[in-house]
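Structure assessment
Letter by letter, the chains look like this.
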Amino acid sequence: MNEALDLCEKGSSTARTREQVMELKELRLKLLWFISSVHLQKAEYDSVIKCVRVLREGGTHGEDHHVSLPIMAMKAWLGLGRYGEAEKELRGMVVGNGISEGVWISAVEAYFEAAGMAGAETAKHSRSIQTL
């Protein structure tokens, strides 16, 4: 996959039409999504976050490229023990388009399963700040 990613980047510089550039850009984003999925499976959470950042920068109009991207980011933040960042991803899913209620509930369950009491304290703390 890394070789394919390199080829997409090289191809973008030699593409002759706007359509070719856009096709290579889309392919590059798909490859990054797959690479970040592999990193998540291997518990390489820093690498997941790096891929997510690149994917978000490369998305159209600042939107996530794939609806599962916030879930992937949330799981990586949880793996790094950064519950506040994971909660931000979770909150973003509420207002994000394309994420079904069932997927969101599953993400909430995963959040509390991984974060446990630390996650509950993070959620409680952020709610008390919002009421101030």
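Each remark here, short or long, concerns the structure printed above.
To start, this report covers the structure provided alongside it. (Residues numbered from 1 in each chain as written. Predicted model: local features only at pLDDT ≥ 70, side-chain atom pairs only at ≥ 80, totals over all residues. Heavy atoms only, no water.)

What to know about unusual backbone geometry
- With a phi angle near 60°, A43 is a residue other than glycine that sits in the positive phi range.
- Along the chain, A43 turns up in the loop between α2 (18-41) and α3 (45-58). (Helix = DSSP H or I, 4+ residues; strand = E, 2+ residues; numbered from the N terminus.)

Re the packing of aromatic side chains
- Counted according to the given criterion, the structure contains 2 aromatic pairs.
- Aromatic pair W33 and F34: ring centres 5.2 Å apart, planes at 80°, arrangement edge-to-face.
- On the basis of relative accessible area, W33 is assigned to the buried category, the value being 19%.
- Relative to F112, the ring of Y111 lies with its centre 5.0 Å away and its plane at 80°, an arrangement referred to as edge-to-face.
- A residue is classified by how much of its surface remains accessible, and Y111, at 1% relative accessible area, is buried. (Phe/Tyr/Trp six-rings, centres within 6.5 Å; stacked < 30°, edge-to-face > 60°. Buried < 20%, exposed > 50% of the residue type's maximum accessible area, 1.4 Å probe, protein only.)

Overview of the nonpolar core
- Ranked by size, the top nonpolar core spans 28 residues in total, and within it M74, L90, M93 and Y111 carry the most contacts.
- For this core, the secondary-structure elements that each account for two or more residues are α1 (2-14), α2, α3, α4 (69-79), α5 (83-95) and α6 (101-131).
- Here the element with the most residues in this core is α4; it accounts for 8 residues. (Core = buried A, V, L, I, M, F, W, Y, C linked by side-chain atoms within 4.5 Å.)

Describing the pattern of salt bridges
- The tally for this structure, following the rule as stated, stands at 5 salt bridges.
- Ionic pairing is found between K88 and E85, a salt bridge with its closest N-O pair at 3.6 Å. Of this pair, K88 and E85 are both found in helix α5, 3 residues apart, which corresponds to roughly one turn of the helix.
- Put simply, E87 and R91 hold a salt bridge, and the shortest N to O gap is 2.6 Å. Pair noted here: E87 and R91 are both in helix α5, with a separation of 4 residues, about one helical turn.
- One salt-bridge network, held together by shared partners, links R82, E85 and K88. (Salt bridge = Lys/Arg side-chain N within 4 Å of Asp/Glu carboxyl O.)

Looking at the packing of α2 against α3
- At a closest axis distance of 8 Å, the pairing of α2 and α3 adopts a crossing angle of 160°. Relative to α3, the element α2 lies roughly antiparallel. For the crossing formed where α2 meets α3, the hand is left-handed. Note on element contacts: α3 touches α2 through Y45, S47, V48, C51, V54, L55 and G58, opposite K25, R28, L29, L32, W33, I35, S36, H39 and L40.
- Split into classes, the residues belonging to the contact of α2 with α3 amount to 10 nonpolar, 4 polar and 2 charged. (Axes fitted to C-alpha atoms, helices over the stretch in contact; angles between N-to-C directions. Parallel < 35°, antiparallel > 145°, perpendicular 65-115°, else oblique. Left-handed = near helix turned anticlockwise from the far one by under 90°. Contact = heavy atoms within 4.5 Å. Nonpolar A, V, L, I, M, F, W, Y, C, P; charged D, E, K, R; others polar.)

Considerations on α2
- The end-to-end C-alpha separation of α2 is 35 Å, in line with the 34 Å expected for 24 residues at 1.5 Å each.
- The complete set of buried residues in α2 reads L29, L31, L32, W33, I35, S36, S37 and H39.
- Looking at the buried residues of α2, the elements they touch are α1, α3 and α4. (Expected span 1.5 Å × (residues − 1).)

Details of the environment of V21
- Note on placement: V21 falls in helix α2.
- With residues near it in sequence (within four places) discarded, V21 still touches S12 and A15.

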